[in-house]
Amino acid sequence: MAQIILVRPGATNFNDENRIQGTLDVPLNREGTDEVERIAEGLSSREVDAVYAPSCQPAFDTAKAIATALDVKLRRLDRMRNLDFGLWQGMLVDEVRRKHPRVYRQWQDRPESICPPEGETLPEAAQRIEAAMAKLIKRHKEETFVLVLPEPIASLVRYHFDQAELGDLWKANQEHGQWETFEIGAAVETT
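A short tour of the structure in this document, coming up. Residue positions are given per chain, counting from 1 as you read along its sequence in written order. It should be noted that, the model being predicted, local features are given only for residues of pLDDT at least 70 and side-chain atom pairs only at 80 or more, the latter also being counted only at that level, while totals for whole chains, interfaces and linings use all residues. Water and hydrogen atoms were dropped before computing side-chain values, which therefore reflect all heavy atoms in the structure.

1. Focus on the pairing of strand 5 (residues 179-183)
Counting buried residues along strand 5, 4 of its 5 residues qualify, which places the element largely inside the surrounding structure. At least two bridges found by DSSP between two strands is the condition for calling them paired. Helix and strand definitions here come from DSSP, where helices need a minimum of 4 consecutive H or I residues and strands a minimum of 2 consecutive E residues; each element is numbered from the N-terminal end. Inspection of the sheet shows strand 1 (residues 3-7) paired to strand 5 by 5 bridges, in the antiparallel sense. The residue of strand 5 that forms the bridge with glutamine 3 is glutamate 183. A 1.4 Å probe rolled over the protein chains alone gives each residue an accessible area, and that area as a share of the maximum for its type sets the label: buried under 20%, exposed over 50%, partly exposed in between.

Right, here's the structure in full:
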C-alpha cells in the first residue's frame, strides 16, 4: 500500500503578510527555514523512497532540504504547481476582501466556482493533480514518498484522498511547515 507524506512548505514573508502567493517564487524566511529543519528531523526515522515538489521556490527549497536530510532523490513535479491566482497574486487577502467582497465570500463558500482574473479555477487544477497523483501512486504502489505542496494545492490533494470539505482556502495559506501521512485507502495521520 502506498504511503504519502504531504508536506506544506516552510513559511515565507507572503505567509506572514497574508498575501496570495500562487505561482510566484518567494523564498523561505527564517521561520520557514526553522520549520523545514523540524520537518526533516521529524521525518528522519521514516523510510522514504522519493521526494517530489513543483519548482516553485518555497516548495522546492523545502523538498530539497528534506531530500538531503533523508538522503533520497528529489524529483520535480511541475504538474503539481500551485494554483495560478492570476492578477490576485501578490495581493493581500484583505485587499481582495475589501475590493471584491462578493467574490471573496464566494471563494470561501464555493471556491470551485471562482476563477481569479487571468488565473485558473480549482476544477482545472484538480484535473492536473488527479492525473499526477494517479501516476505517482502507480509508481510507488508499496512505497512511501514525500510530496511537498503549497496551499491551496495541498488542500486539493487532501480532498482527493478523504473527500472532506476543502475548508477556508483563504486561511489555508497560513498552514505552513506541517505534514500529514496518507495511506491509500486508510485514515490520515496529521503532525
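2. A closer look at the pattern of salt bridges
One speaks of a salt bridge when a side-chain nitrogen belonging to Lys or Arg is within 4 Å of a carboxyl oxygen belonging to Asp or Glu. For the coordinates displayed, the defined rule picks out 11 salt bridges. Two residues, arginine 30 and aspartate 34, come together in a salt bridge whose shortest N-O distance is 3.0 Å. Placement of the pair is arginine 30 and aspartate 34 together in helix 2 (residues 30-43), with a separation of 4 residues, close to one helical turn. The class of arginine 30 is exposed, set by a relative accessible area of 57%. Residue glutamate 95 pairs with lysine 99 through a salt bridge whose shortest N-O separation is 3.7 Å. Taken together, the residues glutamate 95 and lysine 99, both in helix 4 (residues 93-99) and 4 residues apart, mark about one turn of the helix.

3. Some details on helix 2
For a helix, the expected span equals 1.5 Å multiplied by the number of residues minus one. With 14 residues, helix 2 should reach 20 Å at 1.5 Å per residue; the first-to-last C-alpha distance of 20 Å fits that figure. Of all the residues in helix 2, the buried ones are Gly32, Glu35, Val36, Ile39, Ala40 and Leu43. When helix 2 is viewed along its axis, its buried side chains cluster within an angular range of 135° and face the same direction. Every exposed residue of helix 2 that faces more than 90 degrees away from the buried side is listed here: Arg30, Arg38 and Glu41. Of the surrounding elements, those touching the buried residues of helix 2 are strand 1, helix 3 (57-70), strand 4 (144-148) and strand 5. Throughout, the arc means the angular range of directions from the helix axis out to the C-beta atoms. We call two residues in contact whenever any of their non-hydrogen atoms come within 4.5 Å of each other.

4. Brief notes about the side chain of asparagine 29
Residue placement: asparagine 29 occurs in the loop between helix 1 (13-17) and helix 2. Residue classification places asparagine 29 among the buried residues on the basis of a relative accessible area of 11%. At 2.9 Å, the side chain of asparagine 29 and the side chain of aspartate 16 are in polar contact. Leave out the neighbours within four places in its chain, and asparagine 29 touches Ala11, Thr12, Asn13 and Asp16. In the analysis that follows, any N or O atom pair within 3.5 Å is treated as a polar contact, provided that within protein one partner can donate a hydrogen and the other can accept it, and provided that, for residues neighboring in sequence, both atoms belong to side chains.

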